[in-house]
Amino acid sequence: MELTTEQFIHDFELTLNEQQQTILSTATPSELFVALAHTIRQYYTPLWIERNKKLQENKDKIAYYFSVEFLPGRMLETNLLNLGILDVVKEGFAQLGIDFTQVKQAEHDMALGNGGLGRLAAAFMDSLATTGYAGFGNGLRYKYGLFKQRIVNGYQVELPDAWFGSIGNVWETRKDHDIVDVRFFGNVYMTDAGNGKLKPVYSDAQVLRAVPYDVPQLGYGNGVVNNLRLWDVEIPEEYELSYPTIEDRRRVEDITAVLYPDDSSDEGKKLRLMQEYFMTSAGLQTIVKSYLKLGLPLERIYEKVSVHINDTHPAVAPAEFMRILIDEYGLEWDDAWNATQKVMSYTNHTILSEALEKWHTGLFAHVLPRVYQIIVEIDNRYAAQMSAQGVDYETIENTRIVRNNQVHMAHLAIIGGHSVNGVAQIHTELLKEDTLRDFYKVSPEKFNNKTNGIVQRRWTQIAAPGLSKTIDKWIGQGWRSDIHELRKLNEYVDNSQAQADFWEVKQLAKQRLADYIEQTTGVHVTTDAIFDVQVKRLHAYKRQLLNVMHIIKLYWDIKDNPEGEFTPRVFIFGAKAAPGYHFAKSIIKIINELANLINNDEQIGDKLKVVFLENYRVSLAELIIPAANVSEQISLASKEASGTSNMKFMMTGAVTMATLDGANIEIKDEVGDDNIVIFGMTKDDVYNHYATRDYYSRGIYDNDPVIHRVVNTFVDGTIPNCQREGSEIFDALITYNDEYFLLQDFTSYVEAQEHLTQLYADRARWMHMSMTNIANSDKFTSDDTIRQYAQEIWNLSLPSHGKHRI
Ligand SMILES: [N-]=[N+]=N[C@]1([C@H](N)O)O[C@H](CO)[C@@H](O)[C@H](O)[C@H]1O
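Residues numbered from 1 in each chain as written. Predicted model: local features only at pLDDT ≥ 70, side-chain atom pairs only at ≥ 80, totals over all residues. Heavy atoms only, no water.

### Regarding the overall build of the protein chain
For step 1, the next point in the chain: Looking only at helices and strands, the protein chain features 31 helices and 25 strands.
For step 2, the next point in the chain: Its C-alpha radius of gyration of 27 Å places the protein chain within 12% of the 28 Å reference for a compact globule of 806 residues.
For step 3, the next point in the chain: Expressed as lengths along the three principal axes of its C-alpha atoms, the size of the protein chain is roughly 90 × 70 × 55 Å.
For step 4, the next point in the chain: Among the 806 residues that make up the protein chain, the fraction classed as buried is 62%.
For step 5, the next point in the chain: Pairs at least 24 apart in sequence give 77% of the contacts found in the protein chain among residues at least 6 apart. (Helix = DSSP H or I, 4+ residues; strand = E, 2+ residues; numbered from the N terminus. Rg over C-alpha atoms; globule rule 2.2 N^0.38 Å. Buried < 20%, exposed > 50% of the residue type's maximum accessible area, 1.4 Å probe, protein only. Contact = heavy atoms within 4.5 Å.)

Structure representation (structure tokens):
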């Protein structure tokens with residue numbers, strides 16, 4: 001949008017005075033932030049209203065992305081950048097003597113997600129608006145997001161994330177006109193509806209009010225504003241007699257109170273099921289209502305609506321949609337089912353069985369009696385249809401929705417939709433070959449791959465403005481709107497001046513991080529060291545423990561030969577563990593105690609430093625990632641479906657230390673074998689061990705003195721204050737046979753790290769690698785990923801409204 005600095009200053013001061021009743025000289029960063037947010041709200045609201053009007057008038061097809069998690073982090077800078085006024089606002093603040101950084105830091109991260117899955121959903125919202133597609137998000141308005149992590153005496157302590165704080169969510173708007181009711185519990189019996197049909201009659205159901213709050217999703221430089229709808233719960237006045245006590249009311253409010261903090265595993269709690277159904281039912285009810293305003297037949301709703309199921313969490317959607325179409329609007333089963341399968345599509349984000357939700361039939365039928373009836377009907381009809389098609393009994397049994405007193409939510413999402421995608425090539429192949437092989441056998445046409453992506457604008461222009469200016473210097477600014485122009489940088493990867501510029505801007509980013517590390521942990525680190533970073537959720541399959549074992553090996557190398565040649569390294573960790581994940585929390589304790597041991601050892605000095613940065617979150621990732629030299633992506637092959645931090649490190653010039661897992665493989669394909677460091681077993685090696693059951697970690701421990709010494713370090717008292725945690729780790733690695741093959745991959749990892757140290761010592765070679773990773777990272781833009789979803793799964797065409805990106 002066209003905006004002069006003078007006009008912005010006028011609008012901002014007016015808003016600060018009128019809405020905040022505050023003046024510049026006394027305003028706090030938080031008050032300035034709210035005033036700024038309200039100022040730009042005035043700029044995008046007309047665009048938002050215009051957008052919704054045009055989409056309705058033109059009857060454009062809309063895709064709805066259903067997710068229990070959205071992890072946008074901070075939205076201020078993205079909204080300013082996408083409106084095209086970031087520089088104007090920074091200039092305006094400079095003229096007013098306001099520190100823009102302080103104001104931006106007054107915004108609390110919107111952390112309504114656990115990790116990659118939630119962050120991806122937020123990325124897709126940005127890319128849908130930027131590519132111009134009509135794609136809306138549908139989720140939950142949690143009062144408390146992902147817990148705040150504090151490290152106390154080396155241990156993780158979880159604190160509520162009161163993100164609403166004193167200012168609430170400045171970006172949201174309550175939409176009373178779309179309030180709907182959602183029913184739980186009670187009994188349902190079918191009665192004659194008179195027209196030869198049966199209709200359900202509910203008794204003793206609990207009726208709750210679903211209230212939508214909409215958050216704008218602004219496109220980059222195209223005036224497009226899409227919607228992220230987050231549902232909150234209230235008690236309908238007409239039912240308040242059913243909730244006489246504060247306790248009753250609190251139990252209701254619990255439905256949207258807090259995000260379940262588990263990443264890649266499901267707790268299976270009743271409240272979680274209620275959360276999932278609440279957002280799904282409310283979303284589908286309002287989607288059908290707004291579709292009917294188009295005056296088109298409900299049987300053909302699939303021509304105007306797509307609903308995407310992000311992992312199994314909203315997988316009740318096909319059954320709830322059937323309930324709405326049949327019970328609420330009287331459609332015939334077959335018409336409703338035809339529409340449902342054409343509307344629904346599903347993404348699987350992990351092969352870990354503990355993450356594929358399976359609800360006990362008793363619990364499910366108790367919470368959602370009518371929906372359970374419909375699921376049983378869907379399941380029986382599916383089995384009959386498959387049998388009629390000659391599918392063998394075992395395959396039918398393996399794919400049924402209701403099995404062994406459990407409702408398999410992934411099966412409902414697959415049977416109830418037309419598309420199933422994985423999030424990286426190897427992951428999608430694993431779904432076809434193993435995790436969902438019986439479904440692939442009966443419905444191969446449904447399976448497709450959509451490799452994840454990232455919002456390059458956030459991880460370069462916002463998180464790495466210095467790097468972005470350096471890229472401008474060498475290839476112009478075209479890459480800012482067309483990321484594929486980044487490939488032009490391949491021309492300069494061996495240009496000494498270019499290498500010097502990119503080295504310098506990385507060193508500046510490292511210094512900024514070093515200052516943050518000293519300020520928050522008291523540990524002084526030198527930017528002459530290699531910054532080796534592993535930031536992601538703490539999970540055994542991501543093998544933070546393998547990283548720790550390598551550090552212990554380096555510790556002994558230095559202790560054995562203190563005067564020896566050693567390239568200084570700083571190991572930086574950031575990771576939250578699910579509160580109930582005891583083993584993960586023990587690893588956090590070990591990392592912190594190992595850090596204390598090493599960082600206070602004069603003999604080691606600056607050669608080695610270990611830092612655990614508490615409360616890893618999106619806004620902290622924006623400081624850490626551009627400062628990394630090494631990106632640790634060391635999961636056991638086959639376990640990390642994709643990963644997305646790997647793409648962010650690549651785009652900001654880190655070299656990846658990787659196993660051939662998830663999207664690491666596609667990163668290697670883009671940069672070539674010489675510009676990445678690969679180690680460890682392949683997926684096939686791992687599956688061979690599963691098949692032959694021949695892995696015996698104690699054998700390696702007994703026969704390899706280096707590994708023997710490293711493993712013993714966990715229990716021989718070398719690392720103080722963590723005897724219990726050390727024993728747990730020793731048992732996991734030896735007694736319980738090392739589920740994630742750390743000992744098997746250790747030697748290969750150590751050799752890869754030694755190779756990497758040599759590469760870093762050769763500045764020209766290293767900068768060739770670093771710049772090649774930046775230049776070829778364009779493949780991983782979520783703009784392209786979302787185009788593939790729109791064209792290949794949702795069959796969306798670009799609405800006529802709003803200028804579209806090439
Ligand atoms: N749940 N889940 N899955 C994940 C992540 N943990 O959130 O989804 C992410 C987004 O698809 C993947 O990148 C990651 O590999 C996968 O483990």
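Still more to cover.
### Things to note about the domain arrangement of the protein chain
For step 1, the next point in the chain: In terms of domains, the protein chain is made up of domain 1 (1-58 + 76-106), domain 2 (64-74 + 109-140 + 171-452 + 788-793) and domain 3 (463-780).
For step 2, the next point in the chain: Contacts between the two partners involve 29 residues from domain 2 and, on the opposite side, 29 residues from domain 3.
For step 3, the next point in the chain: With both sides pooled, the region where domain 2 packs onto domain 3 buries about 2,200 Å², and carbon together with sulfur makes up 58% of that total.
For step 4, the next point in the chain: The salt bridge partner of Glu433 is Lys683, with a shortest N-O separation of 3.1 Å.
For step 5, the next point in the chain: When the residues that make up the side of domain 2 that touches domain 3 are grouped by side-chain class, the tally is 11 nonpolar, 10 polar and 8 charged. (Domains from an automatic or database assignment. Buried area = accessible area lost by both parts, 1.4 Å probe. Salt bridge = Lys/Arg side-chain N within 4 Å of Asp/Glu carboxyl O. Nonpolar A, V, L, I, M, F, W, Y, C, P; charged D, E, K, R; others polar.)

### A look at the sheet that holds strand S25 (residues 677-678)
Strand-to-strand pairing in sheets goes through backbone hydrogen bonds, with the strands running parallel or antiparallel.
For step 1, the next point in the chain: The parallel open sheet is built from 6 strands, whose spatial order is S22-S21-S20-S23-S24-S25. Two strands bound the open sheet, and with one partner strand each, they are strand S22 (608-612) and S25.
For step 2, the next point in the chain: In this sheet, S22 lies alongside strand S21 (residues 569-574) in parallel orientation, the contact comprising 5 bridges. Note on S22: the bridge partner recorded for Ile572 is Val611.
For step 3, the next point in the chain: Each of S21 and S22 touches helix H21 (residues 582-599); the most contacted strand, S22, lies at about 145 degrees to it. (Pairing = 2+ DSSP bridges. Axes fitted to C-alpha atoms, helices over the stretch in contact; angles between N-to-C directions.)

### Description of the packing of helix H2 (residues 29-57) against helix H3 (residues 76-83)
For step 1, the next point in the chain: Axis separation between H2 and H3 bottoms out at 11 Å; the angle between their running directions is 40 degrees. Compared by their axis directions, H2 and H3 come out oblique. H3 is crossed by H2, and the crossing has left-handed handedness. Facing H2, whose interface residues are Phe33, Leu36, Ile40, Tyr43, Tyr44 and Leu47, H3 presents Leu76, Asn79, Leu80 and Leu83. (Parallel < 35°, antiparallel > 145°, perpendicular 65-115°, else oblique. Left-handed = near helix turned anticlockwise from the far one by under 90°.)

### What to know about a nonpolar patch on the surface
For step 1, the next point in the chain: Side chains of Val152, Val157 and Leu159 sit close together on the surface and give an oily, nonpolar patch of about 200 Å² of accessible area.
For step 2, the next point in the chain: With respect to the secondary-structure elements, Val157 resides in strand S6 (residues 155-159). (Patch = residues over 30% accessible without salt bridge, like charges linked within 9 Å, V, L, I, M, F, W, Y side chains within 5 Å. Areas by Shrake-Rupley, 256 points an atom, 1.4 Å probe, with all protein chains shown as cover.)

### Looking at the side chain of His427
For step 1, the next point in the chain: You can see His427 is positioned in helix H15 (residues 425-435).
For step 2, the next point in the chain: Given a relative accessible area of 2%, His427 falls into the buried group.
For step 3, the next point in the chain: Engagement of the side chain of His427 in a polar contact is seen with the side chain of Asn348, the distance being 3.0 Å.
For step 4, the next point in the chain: When residues no more than four places from it in sequence are discounted, the contact partners of His427 are Asn348, His349, Thr350, Ile351, Gly422 and Ala641. (Polar contact = N/O pair within 3.5 Å; in protein donor to acceptor, adjacent residues only side chain to side chain.)

### A short note on the UniProt feature "modified residue: N6-(pyridoxal phosphate)lysine" (unreviewed entry) in the protein chain
For step 1, the next point in the chain: Sequence positions flagged by UniProt for "modified residue: N6-(pyridoxal phosphate)lysine" (unreviewed entry) are, in local numbering, Lys648.
For step 2, the next point in the chain: Within the fold, Lys648 resides in helix H23 (residues 645-651).
For step 3, the next point in the chain: Since its relative accessible area comes to 7%, Lys648 is described here as buried.
For step 4, the next point in the chain: Lys648 has contacts with Arg119, Ile454, Trp459 and Ile625, leaving out every residue within four places of it along the chain. (UniProt positions renumbered as here; feature names shortened; annotations may be inferred.)

### Some remarks on the pattern of salt bridges
For step 1, the next point in the chain: The full count for this structure, using the stated rule, is 59 salt bridges.
For step 2, the next point in the chain: Between Arg487 and Asp778 there is a salt bridge whose closest N-O contact spans 2.6 Å. Taken together, the residues span a long stretch of sequence, with Arg487 in the loop between helix H18 (465-475) and helix H19 (496-521) and Asp778 in the loop between helix H30 (763-775) and helix H31 (782-793) at a distance of 291 residues.
For step 3, the next point in the chain: Judged by relative accessible area, which is 31%, Arg487 ranks as partly exposed.
For step 4, the next point in the chain: Residue Asp673 pairs with Lys668 through a salt bridge whose shortest N-O separation is 3.5 Å.
For step 5, the next point in the chain: Take Asp673: its relative accessible area is 57%, and that puts it in the exposed class.
For step 6, the next point in the chain: The structure contains a network of salt bridges with shared partners spanning Glu50, Lys53, Lys54 and Glu57.

### Some details on the packing of H3 against helix H4 (residues 86-96)
For step 1, the next point in the chain: Two numbers describe how H3 lies on H4: the axes approach to 7 Å, and their chain directions differ by 115 degrees. It follows that H3 is roughly perpendicular to H4 by the angle criterion. Contacts from Glu77, Leu80 and Leu81 in H3 reach Leu86, Val89 and Lys90 in H4.
For step 2, the next point in the chain: Partitioning the contact of H3 with H4 into residue classes produces 4 nonpolar, no polar and 2 charged.

### Re the packing of aromatic side chains
For step 1, the next point in the chain: Following the criterion strictly, the structure yields 24 aromatic pairs and no others.
For step 2, the next point in the chain: When the centroid spacing of 5.3 Å and the interplanar angle of 85 degrees are considered together, the rings of Tyr440 and Phe447 count as edge-to-face.
For step 3, the next point in the chain: Taking the relative accessible area as the measure of exposure, Phe447 reaches 8% and is therefore buried.
For step 4, the next point in the chain: Between Tyr690 and Phe741 the ring centres are 6.0 Å apart and the planes differ by 55 degrees, which places this aromatic pair in the tilted class. Taken as a pair, Tyr690 in helix H25 (residues 683-692) and Phe741 in the loop between helix H28 (723-735) and helix H29 (742-761) lie far apart in primary sequence, 51 residues in all.
For step 5, the next point in the chain: The exposure class assigned to Tyr690 is partly exposed, which follows from its relative accessible area of 33%. (Phe/Tyr/Trp six-rings, centres within 6.5 Å; stacked < 30°, edge-to-face > 60°.)

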